[in-house]
Amino acid sequence: MEDATPPPHQPRTEGMPVAAWVPREEWVKTQPQALIASCVVLLDRQGGVLLLRYGPGQPNAGDWWLPGGMLEHGEDPWTAAWRETHEETGVELSPIPRLIGIDHRADVGGTGPVLDCFFYGGTLSDGTSISLSPEHDRYAVFSLNELADTPLAGHAGSLEALHTAAASGTVVCFREGQPV
């Protein structure tokens, strides 16, 4: 019978079977994997929210949503939010991030779990120029009342909760795109 004593550099936890311990490299492989995305809420002076419409040939073509997208390798959520907003609108955000929401979606289009980070990007100045990326074919600023009749890539309730968080300085937690 093998000795059940863990090596001296590995502490034994009382009541934990020795067989449950695995090297860190193996343990990491057993942990959940998730994609991470970042989106930005930009408001106008009247409190409307800037949305972009996905163009033809894009996933969610014809639907509206916030500027944002997936993190690139090694990128943190705020840097991705800044980069995506600039790529998709031409708008440069403040260098100071303000997290206003986080969402966990268990499966997005068969890719598995996605963790969405939402940041408040501030108030657009009157006459701010928007330069769309090829991914989008239109942009508009919507009042909260207009969201119910707008085809969205997400939930109108999510945008309303994010609008409240941006205006009040709070943070909202979502599960599957719905405020918890």
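Up top you'll find the structure we're talking about.
Residues numbered from 1 in each chain as written. Predicted model: local features only at pLDDT ≥ 70, side-chain atom pairs only at ≥ 80, totals over all residues. Heavy atoms only, no water.

Undergrad: So what's going on with the layout of surface pockets? Which residues, and what values?
TA: Within this model, the largest pocket holds a volume of roughly 690 Å³. Taken together, 29 residues make up the lining of the largest pocket; nearest its centre are Tyr54, Asn60, Trp65, Arg105 and Val108. For the lining of the largest pocket, the secondary-structure elements that each account for two or more residues are β1 (35-43), β4 (68-70), α2 (77-89), β5 (99-105) and β6 (114-123). When grouped by side-chain class, the residues that make up the lining of the largest pocket number 11 nonpolar, 11 polar and 7 charged. (1 Å grid on protein atoms, 1.4 Å probe; cavity = no way out; pocket = protein on both sides within 12 Å on 5 of 7 lines; lining within 4 Å. Points joined across faces, edges and corners; volume = space filled by probe spheres on them. Helix = DSSP H or I, 4+ residues; strand = E, 2+ residues; numbered from the N terminus. Nonpolar A, V, L, I, M, F, W, Y, C, P; charged D, E, K, R; others polar.)

Undergrad: Got a sec to walk through unusual backbone geometry? Specific residues and values, please.
TA: Positive phi values are uncommon outside glycine, yet Asn60 reaches one of about 65°. For Asn60, the position within the fold is in the loop between β2 (49-54) and β3 (64-65). A residue is classified by how much of its surface remains accessible, and Asn60, at 40% relative accessible area, is partly exposed. With a phi angle near 55°, Glu176 is a residue other than glycine that sits in the positive phi range. Among the secondary structure elements, Glu176 is positioned in the loop between β8 (172-175) and β9 (178-179). (Buried < 20%, exposed > 50% of the residue type's maximum accessible area, 1.4 Å probe, protein only.)

Undergrad: Quick rundown of the packing of aromatic side chains? Include the residues and the values.
TA: Across all of its chains, the model carries 3 aromatic pairs by this definition. Note on Trp78 and Phe119: the rings are 5.2 Å apart at their centroids and 65° apart in plane angle, and the pair reads as edge-to-face. Here the residue Trp78 occupies a position in helix α2, and Phe119 occupies one in strand β6, the gap between them amounting to 41 residues. Side by side, Trp78 and Phe119 carry an identical accessibility label, which is buried. (Phe/Tyr/Trp six-rings, centres within 6.5 Å; stacked < 30°, edge-to-face > 60°.)

Undergrad: Give me the lowdown on the pattern of salt bridges, citing residues and values where you can.
TA: Per the stated rule, a full pass over the model turns up 8 salt bridges. The shortest N-O distance in the salt bridge between Asp126 and Arg45 comes to 3.7 Å. Of this pair, Asp126 sits in the loop between β6 and β7 (136-142) while Arg45 sits in the loop between β1 and β2; the two residues are 81 residues apart in sequence, bridging distant segments of the chain. With a closest N to O distance of 2.7 Å, Arg105 and Asp116 form a salt bridge. One end of the pair, Arg105, is in strand β5; the other, Asp116, is in strand β6, and 11 residues separate them in sequence. Within this structure, Glu72, Glu75, Arg83, Glu84 and Glu87 form a network of salt bridges that share partners. (Salt bridge = Lys/Arg side-chain N within 4 Å of Asp/Glu carboxyl O.)

Undergrad: Report on helix α3 (residues 156-168), specifying residues and quantitative values.
TA: The end-to-end C-alpha distance of α3 is 18 Å, a good match for the 18 Å that 13 residues give at a rise of 1.5 Å each. Every buried residue belonging to α3 is among Ser158, Leu159, Ala161, Leu162, His163, Ala165 and Ala166, and all of these are buried. Just downstream of α3, Gly169 is the residue with a positive phi angle, here 75°. (Expected span 1.5 Å × (residues − 1).)

Undergrad: Quick rundown of α2? Include the residues and the values.
TA: Here α2 contains 13 residues, and its C-alpha end-to-end distance of 18 Å stays within 8% of the 18 Å for a straight helix at 1.5 Å per residue. Inspection of α2 places Trp78, Ala80, Ala81, Arg83, Glu84, Thr85, Glu88 and Thr89 among the buried residues, and these make up the whole buried set. The N-terminus of α2 is capped by Asp76, whose side-chain oxygen sits 3.0 Å from the backbone nitrogen of Trp78. The first or second residue beyond α2 is Gly90, which carries a positive phi of 85°. (Polar contact = N/O pair within 3.5 Å; in protein donor to acceptor, adjacent residues only side chain to side chain.)

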